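Single-letter residue listing:
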Amino acid sequence: MQVSDHIESCDYFSDIQAPGVATLLKENPLFIQQPNALKLAVYNDDIEVGNPLGSKTGINKLTMYYFTITNSPNSSSLSAIHLAMIAYSSDVKQYGHAHILRPLVEDIKKLEVGVDVIIDGEPQKVYGSVVSLPADNLAANETLGFVGSFSANYFCRFCKMSQAKTKTAIRQDNSVLRTCEDHKRDLEEIRKNPSSFSNHGVKAPCAFDELQYFNSVTSFTPDCMHDIFEGVAKRELSLILTDFILTSQYLSLEELNNIVKSFNYG
């Protein structure tokens, strides 16, 4: 994908500043004109198919790309998660997500303009596009074209807050949120000087920005499992339990352990 192609695709989103997927869907021309269009969520993650403790670790690691049709019945069930692509993680690292994802992006481009199908014997045209890219932070950053290292000075795909400032900030600073116009400038700088990614945390265009109705600054979503359940929730819960048991003494540690043991997990 050329940087110039990405910049042109940003025009529709130029006045949008991270409003959230729900707002984008209400304003998206495709889903306004085609309310039943397929709303795709694309997810990717690496898996190790060999012995993770062996000497050959990493050689057979695979990058898996999945998709879910979010407006289909039972979209939250495991049976609704479909495998779209598989690639060697080493190839993804060498060539980048944009190159690996090209066949999938080309298929979705066709879906955006409508694909002719037969449903119950009747010819119909089916539309759809990508509405979100849920993933863990590393996969999301790399797929969207941001830096993958969280030790980088500008590591966040939401904003341009510096590494040092994130250590003390407790409130959102709207002045440093990433915008489409800002992203255009960063990509143009990268095109002229590939080593300039350290200035803003953007390394490359996102493959999905070739689509008509997706933008890498506004169309991605945080992942609840990684950010909450495997992230801040553990820390917050430990602080709450410490207060409940040791400070406020609402219950004892023995009572808590009994509750955990006897709870019906289904």
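(A) Here's a closer look at the overall build of the protein. Along the protein, the regular secondary structure elements total 11 helices and 6 strands. By residue count, 36% of the 266 residues in the protein fall in the buried class. Counting every atom, the protein has about 15900 Å² of accessible surface; 55% of that belongs to carbon and sulfur.

(B) Quick peek at the packing of aromatic side chains. Applying the stated criterion across every chain, the model contains 5 aromatic pairs. When the ring of F150 is compared with that of F155, the centres are 6.3 Å apart and the planes differ by 75°; the resulting orientation is edge-to-face. Judged by its relative accessible area of 37%, F150 is partly exposed. Note on F244 and Y250: the rings are 5.1 Å apart at their centroids and 80° apart in plane angle, and the pair reads as edge-to-face. By relative accessible area, F244 is classed as partly exposed at 33%.

(C) Structural detail: the sheet that holds strand β6 (residues 128–132). Taking strand neighbours across the sheet as the criterion, the 4 strands line up as β3-β2-β1-β6 in an open arrangement whose pairing is mixed. Each edge of the sheet is formed by a strand with only one pairing partner; in this case those strands are β3 (81–88) and β6. The average undirected angle you get between the axes of adjacent strands in this sheet is 35°. Set on the sheet, helix α6 (residues 102–113) makes contact with β1 (38–48), β3 and β6; between it and β6 the angle comes to about 120°.

(D) Spotlight on the pattern of salt bridges. Inspection of the entire model under this criterion finds 13 salt bridges. In this structure, K109 engages E210 in a salt bridge whose closest nitrogen and oxygen atoms are separated by 2.8 Å. Here K109, found in helix α6, pairs with E210, found in the loop between α9 (180–192) and α10 (224–247); they are 101 residues apart in sequence, far enough to count as distant. Of the charged contacts in the structure, one is a salt bridge between R178 and D186, with a shortest N-O distance of 4.0 Å. Both residues of the pair, R178 and D186, belong to the buried class. Here the salt bridges share partners, and the residues they tie into one network are K160, R178, D182, R185 and D186.

(E) Summary view of the pairing of β1. Note that β1 and β6 share 4 bridges and pair parallel. Along β6, the bridge assignment pairs L38 with G128. Summarising the sheet, β1 and strand β2 (residues 61–69) pair through 9 bridges and their orientation is antiparallel. Residue pairing for β2: N44 is matched across the bridge by Y65.

(F) Looking closely at α6. Helix length check: α6, at 12 residues, gives a terminal C-alpha distance of 17 Å against a target of 16 Å (1.5 Å per residue), a fit within 8%. Listing the buried residues of α6 in full gives L104, V105, I108, L111 and E112. Summarising the axial view, the buried residues of α6 lie within an arc of 115°, below the 170-degree limit, and thus occupy one face. Exposed residues on α6 whose side chains face more than 90 degrees from its buried face are K110 and V113. Where α6 is buried, its residues contact α3 (29–33), β1, β3, β4 (115–119), β5 (122–126) and β6. Phi turns positive, to about 105°, at G114, one or two residues after α6.

Scoring rules and cut-offs
Residues numbered from 1 in each chain as written. Predicted model: local features only at pLDDT ≥ 70, side-chain atom pairs only at ≥ 80, totals over all residues. Heavy atoms only, no water. Helix = DSSP H or I, 4+ residues; strand = E, 2+ residues; numbered from the N terminus. Buried < 20%, exposed > 50% of the residue type's maximum accessible area, 1.4 Å probe, protein only. Areas by Shrake-Rupley, 256 points an atom, 1.4 Å probe, with all protein chains shown as cover. Phe/Tyr/Trp six-rings, centres within 6.5 Å; stacked < 30°, edge-to-face > 60°. Pairing = 2+ DSSP bridges. Axes fitted to C-alpha atoms, helices over the stretch in contact; angles between N-to-C directions. Contact = heavy atoms within 4.5 Å. Salt bridge = Lys/Arg side-chain N within 4 Å of Asp/Glu carboxyl O. Expected span 1.5 Å × (residues − 1). Arc of directions from axis to C-beta.

Fair warning: the whole summary comes from geometry, so function is off the table for now.
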